[in-house]
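Given next are the chains, with one letter for each unit.
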Amino acid sequence: FGNIYIFQAFYSLLKASKSGPKFVTLTSPAGSTGSVLGLPIDFGVYAASKAALNSITRKINFEEEWLGAYEMLDQVSSSSLVLIAIYLCISRISII
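What counts, and where the lines are drawn
Residue positions are given per chain, counted from 1 along the sequence in the order it is written. Local features in this predicted model are restricted to residues whose pLDDT is 70 or higher, and side-chain atom pairs enter the listing and the counts only when it is 80 or higher, whereas totals over whole chains, interfaces and linings include all residues. Think of the side-chain values as coming from all heavy atoms in the structure, minus any hydrogens and water. Side-chain rings of Phe, Tyr and Trp, where Trp is taken by its six-membered ring, are said to pair if the distance between their centres is within 6.5 Å; with planes under 30 degrees apart they count as stacked, over 60 as edge-to-face, and otherwise as tilted. The numbering of helices and of strands both runs from the N terminus, where a helix is a DSSP run of H or I of at least 4 residues and a strand a run of E of at least 2. For every residue, the accessible area (1.4 Å probe, protein chains only) is compared with the maximum for its type, and the residue is labelled buried under 20%, exposed over 50%, or partly exposed between those bounds. This count recognises Lys and Arg as positive and Asp and Glu as negative, with His and chain-terminal groups excluded. Basic side-chain nitrogens of Lys or Arg form a salt bridge, by our definition, when they fall within 4 Å of a carboxyl oxygen of Asp or Glu. As used in this structure description, the phrase polar contact means that two N or O atoms lie within 3.5 Å; if the pair is within protein, one of them must be able to donate a hydrogen and the other to accept it, and residues adjacent in sequence are counted only when both atoms belong to side chains. By the convention used here, residues are in contact when the closest approach between their heavy atoms is within 4.5 Å.

Engineer: Explain the packing of aromatic side chains residue by residue, including any values.
Structural biologist: How two aromatic rings sit relative to each other is set out by the distance from centre to centre and by the angle between their planes. Applying the stated criterion to the full structure yields 3 aromatic pairs. Ring geometry for Phe 7 versus Tyr 11: centroids 5.7 Å apart, planes at 85°, classification edge-to-face. Linking Phe 7 with Tyr 11, this pair stays in helix α1 (residues 2-16), spanning 4 residues, or about one helical turn. Residue class for Phe 7 comes out buried when judged on its relative accessible area of 10%. Classification of Tyr 11 as partly exposed rests on a relative accessible area of 29%.

Here it is, written out as structure tokens:
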């Protein structure tokens, strides 16, 4: 529920943004129903939580027409987070 709490906490700031506000969640390929077939059974809870996150992000995107809500895939590495941060700084996309 952490991403929902973050969205609720920053809702008024996102709404006040004048430059096309964006809400980006970090997910993984495990959240896709097609990719869980190759994962061990131990990943079931993790995959379910990522699928729920994807669903919540899509719901926010469709319900809040003024806001762009997107899932960003991570390949489960800290270097991916660094690259995402660099990309967001360069492209000036707001992230919460």
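Structure shown, so let's carry the discussion forward.
Engineer: Can you explain the side chain of Glu 64? Please cite residues and give values.
Structural biologist: For Glu 64, the position within the fold is in the loop between α2 (44-63) and β2 (68-73). Despite its burial, Glu 64 remains without a salt bridge, the nearest opposite charge being carried by Lys 15 at 5.3 Å. Separated by 2.9 Å, the side chains of Glu 64 and Trp 66 make a polar contact. When near neighbours in sequence (up to four residues on either side) are disregarded, Glu 64 contacts Phe 7 and Tyr 11.

Engineer: Explain the pattern of salt bridges to me, using residue names and the numbers behind them.
Structural biologist: Applying the stated criterion across every chain yields a total of 1 salt bridge. Measuring nitrogen to oxygen at the nearest pair gives 3.1 Å for the salt bridge that ties Lys 59 to Glu 63. Here Lys 59 and its partner Glu 63 are both found in helix α2, 4 residues apart, which amounts to about one turn of the helix.

Function cannot be inferred from these measures alone, as they are strictly geometric.
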